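Structure at a glance
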Amino acid sequence: MDGIYPRFAYSVSPFPDPPTEVEVTSDRLQEAPRKDVERLYAVLTARFHVALYPEKYSTVEEMIAVTKAVAIRHNMVTEKRRDEYVSL
Amino acid sequence: MDDPFNLSAVAMLKDTEDLQTASAVAAHLQALRHWQKRARGSRVHRRPRYVRSVPGRRPNKRRKFRSGLRATLRDYFVLNGDPPVYNEGDFERRFRMPRSVFLRVYNAVKVRPFFAQRINATGRLQAHPLQKVVAAFRVIAYGEAPDRTDEYVRLSASTFAMSVRELMRFIVDEFGSSYLRPHTTEELQRVLTHNAERGMPGCMGSLECSHWQWRNCPKAFAGMYQNRHGKRSVVMETVCDENLWIWHFFVGCPGSHNDLNVMHVSPLYFFRYERRMAAPYIFLHC
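Let me begin by describing the structure that accompanies this report. (Residues numbered from 1 in each chain as written. Chains lettered and ligands numbered in written order. Predicted model: local features only at pLDDT ≥ 70, side-chain atom pairs only at ≥ 80, totals over all residues.)

**Structural notes on the overall build of chain B**
Let me state the cut-off plainly: By definition, any uninterrupted DSSP run of H or I lasting at least four residues is a helix, any uninterrupted run of E lasting at least two residues is a strand, and each is numbered from the N terminus. Exposure classes come from backbone-placed C-beta atoms, where a residue is buried if 20 or more other C-beta atoms lie within 10 Å of its own, exposed if 12 or fewer do, and partly exposed in between. Throughout, a residue-residue contact means that the two C-beta atoms, derived from backbone geometry, are no farther apart than 7 Å.
A tally of regular secondary structure across chain B gives 12 helices and 4 strands. Every one of the 286 residues in chain B was classed for burial, and the buried ones make up 32%. In chain B, once contacts between residues fewer than 6 apart in sequence are set aside, the share between residues at least 24 apart is 52%.

**Remarks on the interface of chain A and chain B**
For the record, the criterion: Lys, Arg, Asp and Glu make up the charged group, whereas Ala, Val, Leu, Ile, Met, Phe, Trp, Tyr, Cys and Pro make up the nonpolar group; the residues left over, Gly among them, are polar.
Contacts between chain A and chain B engage 57 residues on the former and 59 residues on the latter. Those elements that provide at least two residues to the side of chain A that touches chain B are strand S1 (11–12), helix H1 (21–47) and helix H2 (60–81) of chain A. Here the residues of the side of chain A that touches chain B are counted per class, giving 33 nonpolar, 10 polar and 14 charged.

**Thoughts on helix H9 (residues 157–179) of chain B**
Note the cut-off: Throughout, the bend at a residue refers to the angle made by two axes, fitted to the seven residues ending there and to the seven starting there.
Of all the bends in H9 of chain B, the greatest, near 35°, is centred on Asp173 of chain B. Of the positions making up H9 of chain B, those classed as buried are Thr159, Phe160, Ser163, Val164, Leu167, Met168, Phe170, Ile171, Val172, Phe175 and Tyr179 of chain B. Tucked inside the fold, the buried residues of H9 of chain B contact H2 of chain A together with helix H6 (99–109), helix H7 (129–142) and helix H8 (146–153) of chain B.

**Concerning unusual backbone geometry**
Residue and element names in this part refer to chain B. Notably, Asn80 is not glycine yet its phi reads approximately 55°, a positive angle. With respect to the secondary-structure elements, Asn80 resides in the loop between helix H4 (65–76) and helix H5 (88–95). Phi angles above zero are rare outside glycine, and Arg96 is one such case at about 60°. Looking at the secondary structure, you find Arg96 in the loop between H5 and H6. The class for Arg96 is buried, based on 21 C-beta atoms found within 10 Å.

**Things to note about the packing of H4 of chain B against H7 of chain B**
All names here are of chain B. Counted only if it meets this: Helix axes are fitted to C-alpha atoms over the stretch in contact, other axes to C-alpha atoms as well, and angles between N-to-C directions run from 0 to 180 degrees. Roughly parallel here means an angle under 35 degrees, roughly antiparallel means over 145, roughly perpendicular means 65 to 115, and every remaining angle is called oblique. In a left-handed crossing the near helix is turned counterclockwise from the far helix by less than a right angle, and in a right-handed crossing that turn is clockwise.
At their nearest, the axes of H4 and H7 sit 9 Å apart, and the two run at 70° to each other. On the basis of the axis angle, H4 is roughly perpendicular to H7. The interaxial crossing formed by H4 with H7 has left-handed handedness. Contact residues: Phe65, Gly68, Leu69 and Thr72 in H4; Leu130, Gln131 and Val134 in H7. Among the residues making up the contact of H4 with H7, the classes are represented as 4 nonpolar, 3 polar and no charged.

**Quick look at H1 of chain A**
All names here are of chain A. To keep things clear, this is the line we draw: To estimate the expected span of a helix, subtract one from its residue number and multiply by 1.5 Å.
Between its first and last C-alpha, H1 extends 40 Å over 27 residues, near the 39 Å set by a 1.5 Å rise per residue. Glu31 marks the point of greatest bend in H1, at about 35°, and the proline Pro33 comes within the next four residues. Taken together, the buried positions of H1 are occupied by Gln30, Pro33, Arg34, Asp36, Val37, Leu40 and Leu44.

**Describing the packing of H7 of chain B against H9 of chain B**
For any two helices packed against each other, one specifies the inter-axial angle together with the distance between the axes. Residues and elements named next belong to chain B. Packing of H7 against H9 leaves a shortest axis separation of 9 Å and a crossing angle of 85°. Considered as vectors, H7 and H9 are oriented roughly perpendicular to each other. In this structure, H7 uses Lys132, Val133, Ala135, Ala136 and Val139 to contact H9, whose residues at the interface are Phe160, Ser163, Val164 and Leu167. Taken together, the residues of the contact of H7 with H9 break down into 7 nonpolar, 1 polar and 1 charged.

**As for the nonpolar core**
Quick reminder of the rule: Here, a nonpolar core denotes buried Ala, Val, Leu, Ile, Met, Phe, Trp, Tyr and Cys residues that are linked to one another through C-beta atoms within 7 Å. For the domains described, the bounds stem from an automatic or database domain assignment.
Among the nonpolar cores identified, the biggest contains 76 residues, and Val70 of chain A together with Val133, Ile171 and Val234 of chain B are the most heavily contacted of them. Sorting elements by how many residues they give to this core places H9 of chain B first, with 9 residues. Both domains that furnish three or more residues to this core are identified here as domain 1 (9–46 + 59–177) and domain 2 (185–285) of chain B. Sequence-distant contacts of Val70 of chain A, that is, excluding residues within four places in its chain, are made with Leu44, Phe48, Val50 and Ala51 of chain A together with Ile140 of chain B.

Any functional reading would require information that these geometric values do not contain.
Written as structure tokens, this is what we have:
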């Protein structure tokens, strides 16, 4: 858990030291959805090895283009692999 | 190539091998000759920008582009009616995507100015778009050096760099609006329902920032892009759901930003701040 995020209404972090049963349950339920994005980074680097290495581009624009393209291609593959998703 | 899934060599090479190509090359050369005649006839003598074949200039390597194209067709597509050497599983493992996705990108990009096959001044056909696309995708899939793929695809390192750059820009321009966009109402509802089943009602996804290291960071930016581990990097902020579909992707912040700074300049925060979202949805932080 990142302690840096403020406790805004739209951002939920686990309770660091849950006092009651309610908070304990809430933390337990959060565990799995919280890991989703961690899995995503693992899949991204495994799928596109270019994400493993330090980038070799000389401008930020190029880095942004490459990173975005990697994300877009990840979504294209996800759409193909998981039937639930149909792009517009 | 009318049918995008027609993988026969004839269809793939229709634009390189038939009479149409021969006439295109002839017309191109004719135009060049005409232009030269006009230039010679006119009294304007311009100094040529590029020096032609003179002693001291490094000659082009005889790469034989066609052999690279033939190798690609033989291994992954169809050459002379033979089935490809490698099957669908191999294709997907090596290019890190199914064949249909590859063909979709390829068919969209092959008519673009950089990728379309060109005829050079001597009337030779230059590299085929398939080679450039395969080359760029291998660099992305393996993170490998251009010299390595040169042996297989037969393109020079500079062509590689250009095709990677052009292809990435093309993908962002062409597919960005449909594959990297905010939720529609139905999609949001689906994600919310799914997360409610997992015990987190109202949860839109999970959010995290990650750093991507930048090796070629200029000295002038070294301080700005230095992250807390002392390495230069660029931050990317991502929101995804359980199926690992990326719903929000924000990249480009200097590495010296922490997660909170990134959130404050991210479109996600602004959308939220301007109340463009209908209801308070929840992001979970890792």
